[in-house]
There are 2 protein chains.
Amino acid sequence: MRMYDIIAKKKHGEKLTDEEFDFFINGYINDEIPEYQVSALLMAIYFQGLSREETVALTHKVMHSGDVIDLSDIEGIKVDKHSSGGVGDTTTLVLAPLVSSCGVPVAKMSGRGLGHTGGTLDKLEAIEGFNIHLKIDEFVNQVNKNKVSVIGQTKNIAPADKKLYALRDVTATVDNIGLIAASIMSKKLAAGSDKIVLDVKVGSGAFVKELDGAIELAQEMVNIGTDMGRETVAIITSMEQPLGYAIGNANEVREAIDVLKGQGPDDLRDLCVKFASTMVHLGGGADSFEAAKEMVLENLSNGKALEKMVEFVTAQGGNKENILNPDTLPTSDIVREIKADKTGYIKAIQSDDIGIAAMILGAGRETMDDVLDMGAGIYFNKKIGDYVEAGEVLGTLMTNKAEKIDEAIQMTLDALEYSETEVAKSQLIKAKVTCDGVEKY
Amino acid sequence: MRMYDIIAKKKHGEKLTDEEFDFFINGYINDEIPEYQVSALLMAIYFQGLSREETVALTHKVMHSGDVIDLSDIEGIKVDKHSSGGVGDTTTLVLAPLVSSCGVPVAKMSGRGLGHTGGTLDKLEAIEGFNIHLKIDEFVNQVNKNKVSVIGQTKNIAPADKKLYALRDVTATVDNIGLIAASIMSKKLAAGSDKIVLDVKVGSGAFVKELDGAIELAQEMVNIGTDMGRETVAIITSMEQPLGYAIGNANEVREAIDVLKGQGPDDLRDLCVKFASTMVHLGGGADSFEAAKEMVLENLSNGKALEKMVEFVTAQGGNKENILNPDTLPTSDIVREIKADKTGYIKAIQSDDIGIAAMILGAGRETMDDVLDMGAGIYFNKKIGDYVEAGEVLGTLMTNKAEKIDEAIQMTLDALEYSETEVAKSQLIKAKVTCDGVEKY
């Protein structure tokens, strides 16, 4: 078998076989196939696409290029959740205790963040003493005992995906639905859960701008999960503006605690209820989505979700005082109000720019060596459709870097677009995709 | 400027600018742009194509990536000829003295061969003492004095083309009309002649299988020449079977001498007359193609073409006895007849396979380090449409490698396809393409 023939075959629009994907991924991982042949194949795939069978075959090879986690010692149905991320995406901090409080085990591996704010791991480390470095058997024991644990991802999950993604990133071959779906699903499948719920973002702040494209991507991923025997549900949600109000590590922990108390911003709470209910239903905690939702709402109002958060944090060495009294979470020395420089209805928000403003204040990493300032960040209290008067307070920033304040404020103000006439509020949850079809809301 | 953006632009079907081609070719030559980005761009070009302006811009950059030869010290209009090559293509050996005998200067740089037989340089070296290593000023003087010289190509003609071609060859990106045209024309334009005649091969033994594809390729090249101020004419000729009878270095010199005497195989002679007449006309040696053709035919029959061959060979240090008495050219020790194993009309000939049979007998190089056996080769005397009886002599082989004879005979016989019913002779010269349009014959 020769890589040349595999490239030529795909270039001419033919389907690649299981054996060809095996040869390609193995050869690439072992440095036997040069990157210039791989990038030529990736570009040919961009133009010719991958069939459902090919996408599954590629996902399977990439998934097995490294460790595949065995969670079979955990009792019950393990449901994992994946989000394409975004500014202020605090959902895992809410979902882990919330789903667990409904009796469904949550065994989650998370990553650190690069860019606007930290990843879930970074946010958890804003809690004093929280230990994300459990061994797999400790992790399994923890989930069996408390029904919830979140730890750092092992380095060797889908190494072929890391290598392929780095190459796609510099050869303009990221934006192919099959390659994106295989990349996400190979990692999720290697993480070992029984069922998967995907949060597919759509809109100006997301990779996919239009609903049709998001549905197509969701279907690809649901197909892969289905074909590999892991029930997968995708929920398509809007990414037109930051989720919730809080951006920054301690800020987002505080906001998650608010939601677990049944409070917090409407959009973040609605999203968490939708995902938690879906996960509880899939995980067998309730017979229907409606019954699951009832249980979820109940646990948000009766204190059980927050109780589970305290139990979860304590079990992993974290200081429960940080949860019971969020004022004890890290803060930054300087707090400054952000005031509007214009009057009008907010028409659009460049979420990424507000995320970058939070980053330069210390909330995110520009390079993997940067040290996070856990207390730094932004509370941005306005949403699309809100009417704002020039001089009105839009939010607050926290930082220890006085020299960055002016730049961060300017970036935040520049991220806003105004309209003189009223603007409709945008719908947060757009559609659900399962192996049975698409349901638009 | 970033290579990433250039790839993305072409991927989305946009046109690249002069500056972008400059950045790409310069960066690639200087190892500042990695091969994995170049191969991604090449694959994007395969799918999105190049416009006429883009092809010219690419050709210009590749041409100027190395030496550009200045032939302005040679009096008269210099006409160069390029052939996509093929088995038994002896035309340069005939055309150089023939065109020169009509008063039009021939200043030609040629290459060595890899594969079935040697290149023009190798064939010339079958002549005892022939020196292909002239300096540029000696070369110019020679052409001014004798109206003809053929020397080895300098190493630094279009180095970007060498690097690009090697990459295309392993990434399945050779077969794009724009890239092929730019590759050929960049080298021809750097070689410094005023006008160019192209022999574009079509058919089973050529890169382009169909006449339409050959016309398209020819038009691309004519357009490049036109846009860069060098009149270019392309003649499309059939490559369904070896040209002439002789394959091998000394064999092809003998056959060229036959043609220069007005004899030799019909197909080789017809082709040489067509190209020589076109070159003489373009070079100002005659007012019309018809007048040029009359002069060419005259010089083949009155001995002037052969006389010029003797003069040309002598001027470059070659032994004129080899020309006057071709029996003095190198021979091999073993001569063996090749007899038909079947009866019928010859329907198809896999030229490449007969070429490879000649190569293993010693006529060609498998690697650039192989030493040629100048006397080795094959005379294959049959053409498509000929009726053959099993046991009849199809040709002769010459070699010093007794152990290769059986294999070479078997390869030659296996290269033939027979029909029980009569087969039409194939037409050799198919079409002419100029900046004014296409003329089919």
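Residues numbered from 1 in each chain as written. Chains lettered and ligands numbered in written order. Predicted model: local features only at pLDDT ≥ 70, side-chain atom pairs only at ≥ 80, totals over all residues. Heavy atoms only, no water.

J.: How would you explain the relation of the copies chain B and chain A if you had to name every residue and give the values?
T.: The transformation that overlays chain B on chain A combines an axial shift of 0.0 Å with a rotation of 180°, and the residual RMSD is 0.0 Å. Here the two chains are linked by the operation of a two-fold rotation axis. Across chain B, the smallest distance between a C-alpha and the rotation axis is recorded for B:Tyr36, namely 1.8 Å. With an isologous cut-off of 70% or more, the 100% of interface residues of chain B that recur at the interface of chain A puts this contact in the isologous class. (Least-squares fit on C-alpha atoms with pLDDT ≥ 70 in both. Contact = heavy atoms within 4.5 Å.)

J.: Could you give an account of the sheet that holds strand β10 (residues 387-388) of chain B, with specific residues and numbers?
T.: Note on sheets: strands pair through backbone hydrogen bonds, and any given pair is parallel or antiparallel. Residues and elements named next belong to chain B. Within the open sheet, the three strands sit side by side as β10-β8-β12. Their pairing is antiparallel. Each end of this open sheet is capped by a strand with a single partner; those strands are β10 and β12 (416-419). Bridging between strand β8 (residues 344-349) and β10 involves two bridges; their strand directions are antiparallel. Bridge assignment links Tyr345 to a residue of β10, and that residue is Tyr387. (Pairing = 2+ DSSP bridges. Helix = DSSP H or I, 4+ residues; strand = E, 2+ residues; numbered from the N terminus.)

J.: Account for helix α9 (residues 177-190) of chain B, with residues named and values stated.
T.: All names here are of chain B. The end-to-end C-alpha distance of α9, which contains 14 residues, comes to 20 Å, matching closely the 20 Å that a straight helix rising 1.5 Å per residue would cover. Buried residues dominate α9, accounting for 13 of its 14 residues. Measuring from the side-chain oxygen of the N-cap residue of α9 to the backbone nitrogen of Gly178 gives 3.1 Å; that N-cap residue is Asn176. Gly192 occupies a position one or two residues after α9 and carries a positive phi of about 90°. (Expected span 1.5 Å × (residues − 1). Buried < 20%, exposed > 50% of the residue type's maximum accessible area, 1.4 Å probe, protein only. Polar contact = N/O pair within 3.5 Å; in protein donor to acceptor, adjacent residues only side chain to side chain.)

J.: Describe the pairing of strand β1 (residues 79-83) of chain B, naming the residues involved and giving the relevant values.
T.: All names here are of chain B. For β1, the buried fraction is high: four of the five residues fall into the buried class. Pairing analysis gives five bridges linking β1 to strand β4 (residues 195-202), with the strands arranged parallel. Paired with Val79 across the bridge in β4 is Lys195.

J.: Talk me through the interface of chain B and chain A; I want residue IDs and the actual numbers.
T.: Chain B puts 21 residues into the contact, and the matching count from chain A is 21 residues. For the pair chain B and chain A, the summed buried area comes to about 1,800 Å², and 69% of that belongs to carbon and sulfur atoms. Its largest share of buried area at the contact with chain A, chain B owes to B:Lys11, B:Tyr36 and B:Phe47, together 34% of the area lost on that side. Viewed at the interface, chain A and chain B are joined by two salt bridges. Where B:Asp175 meets A:Lys11, a salt bridge forms, and the shortest distance between an N and an O atom there is 2.5 Å. Our enumeration of links across chain B and chain A arrives at nine residue pairs in polar contact (both at pLDDT 80 or more). When residues of the side of chain B that touches chain A are traced back to their parent elements, those giving at least two are α1 (3-11), α3 (35-48) and α8 (159-170) of chain B. The dominant element in the side of chain B that touches chain A, judged by the number of residues it contributes, is α3(B), at 10 residues. Each residue belonging to the side of chain B that touches chain A can be placed in one class, and the counts come to 12 nonpolar, five polar and four charged. (Buried area = accessible area lost by both parts, 1.4 Å probe. Salt bridge = Lys/Arg side-chain N within 4 Å of Asp/Glu carboxyl O. Nonpolar A, V, L, I, M, F, W, Y, C, P; charged D, E, K, R; others polar.)

J.: Explain the sheet that holds strand β9 (residues 377-380) of chain B residue by residue, including any values.
T.: Residues and elements named next belong to chain B. A sheet is described by the order of its strands in space; here four strands give the open sequence β6-β9-β11-β7, paired in antiparallel fashion. In the strand order of this sheet, the two ends are held by β6 (246-247) and β7 (334-339), each with one partner. One ladder, built from four bridges, connects β9 with strand β11 (residues 393-399); its direction is antiparallel. Note on β11: the bridge partner recorded for Phe380 is Gly395. Along the sheet face, helix α16 (residues 351-363) touches β6, β9 and β11 and points at about 140° away from the line of β9. On the sheet, helix α17 (residues 405-414) packs against β7, β9 and β11 and is oriented at approximately 30° with respect to β7. (Axes fitted to C-alpha atoms, helices over the stretch in contact; angles between N-to-C directions.)

J.: Please set out the environment of B:Gly103 residue by residue, giving values where relevant.
T.: All names here are of chain B. Of note, Gly103 is situated in the loop between α5 (91-101) and β2 (106-110). Relative accessible area serves as the criterion here: at 43%, Gly103 is assigned to the partly exposed category. In sequence terms Gly103 and Arg269 are 166 residues apart; their C-alpha atoms lie 20 Å from each other.

J.: Just give me the short version of the packing of helix α9 (residues 177-190) of chain A against helix α10 (residues 211-227) of chain A, but keep the residues and values in it.
T.: Residues and elements named next belong to chain A. It is the contact of α9 with α10, at a shortest axis distance of 9 Å, that shows an interaxial angle of 45°. Classified by the interaxial angle, the pair formed by α9 and α10 is oblique. Between α9 and α10 the crossing geometry is right-handed. Two secondary-structure elements touch here, α9 through Ile177, Gly178, Ile180, Ala181, Ala182, Ile184, Met185 and Leu189 and α10 through Gly213, Glu216, Leu217, Glu220, Met221, Ile224 and Gly225. Classifying every residue of the contact of α9 with α10 gives 10 nonpolar, three polar and two charged. (Parallel < 35°, antiparallel > 145°, perpendicular 65-115°, else oblique. Left-handed = near helix turned anticlockwise from the far one by under 90°.)

J.: I'd love a proper account of helix α2 (residues 18-29) of chain B, names of residues and values included.
T.: Residues and elements named next belong to chain B. For α2, with 12 residues, the first-to-last C-alpha span of 16 Å sits near the 16 Å given by 1.5 Å per residue. Those residues of α2 that fall on the buried side of the exposure criterion are Glu20, Phe21, Phe24, Ile25, Gly27 and Tyr28. Seen along its axis, α2 keeps its buried residues to an arc of 165°; they face one direction. Check the buried side of α2 and you find it contacts α1, α3, α4 (52-63) and α8. (Arc of directions from axis to C-beta.)

J.: Describe the pattern of salt bridges, and please don't skip the residues or the numbers.
T.: For the coordinates displayed, the defined rule picks out 44 salt bridges over all chains. Taking the shortest distance from any N to any O, the salt bridge between A:Arg2 and A:Asp5 comes out at 3.1 Å. Judged by relative accessible area, which is 36%, A:Asp5 ranks as partly exposed. Across the pair B:Glu231 and B:Lys195 runs a salt bridge, and its minimum N-O distance is 3.0 Å. With B:Glu231 in the loop between α10 (211-227) and β5 (232-238) and B:Lys195 in strand β4, this residue pair connects regions lying 36 residues apart in the sequence. Classification of B:Glu231 as partly exposed rests on a relative accessible area of 38%. A cluster of three or more residues bridged by salt bridges with shared partners is formed by A:Asp80, A:Lys108 and A:Lys188.

J.: Account for the packing of aromatic side chains, naming residues and giving values.
T.: Applying the stated rule across the entire model yields seven aromatic pairs over all chains. Taken together, the aromatic side chains of A:Tyr46, A:Phe47, B:Tyr46 and B:Phe47 make up a single cluster linked through ring pairs. Between the NZ or CZ atom of A:Lys163 and the centre of the ring of A:Tyr28, over which it lies, the distance is 4.6 Å. (Phe/Tyr/Trp six-rings, centres within 6.5 Å; stacked < 30°, edge-to-face > 60°. Lys NZ or Arg CZ within 6 Å of the ring centre and 35° of its normal.)

J.: Summarise the side chain of A:Ser332; cite the residues concerned and give the values.
T.: Residue and element names in this part refer to chain A. Tracing the chain through its elements places Ser332 in the loop between α15 (321-324) and β7 (334-339). The exposure class of Ser332 is buried, given its relative accessible area of 7%. Only 3.4 Å separates the side chain of Ser332 from the backbone oxygen of Gly375, close enough to count as a polar contact. Ignoring anything within four residues of it in the chain, the contact list for Ser332 reads Asp373, Gly375, Ala376, Met398, Thr399 and Asn400.

J.: Explain the packing of helix α16 (residues 351-363) of chain A against helix α17 (residues 405-414) of chain A residue by residue, including any values.
T.: Residue and element names in this part refer to chain A. The geometry of α16 relative to α17 is characterised by a closest axis approach of 8 Å and an angle of 170° between their N-to-C directions. The angle between α16 and α17 falls in the class roughly antiparallel. Contact residues: α16 offers Asp353, Ile354, Ile356, Ala357, Ile360 and Leu361, while α17 offers Ile405, Glu407, Ala408, Met411 and Thr412. Counted by class, the contact of α16 with α17 contains eight nonpolar, one polar and two charged residues.

J.: Can you break down unusual backbone geometry residue by residue, with the values?
T.: Residues and elements named next belong to chain A. Although it is not a glycine, Ala158 adopts a positive phi angle of roughly 45°. Relative to the helices and strands, Ala158 is located in the loop between β3 (148-152) and α8 (159-170). Note on Ala158: relative accessible area 1%, which makes it buried.

J.: Explain the domain arrangement of chain A to me, using residue names and the numbers behind them.
T.: Each domain of chain A was delimited in the assignment, giving domain 1 (3-49), domain 2 (79-154 + 191-325) and domain 3 (331-419). On a C-alpha basis, the centres of domain 1 of chain A and domain 3 of chain A stand 44 Å from each other. (Domains from an automatic or database assignment.)

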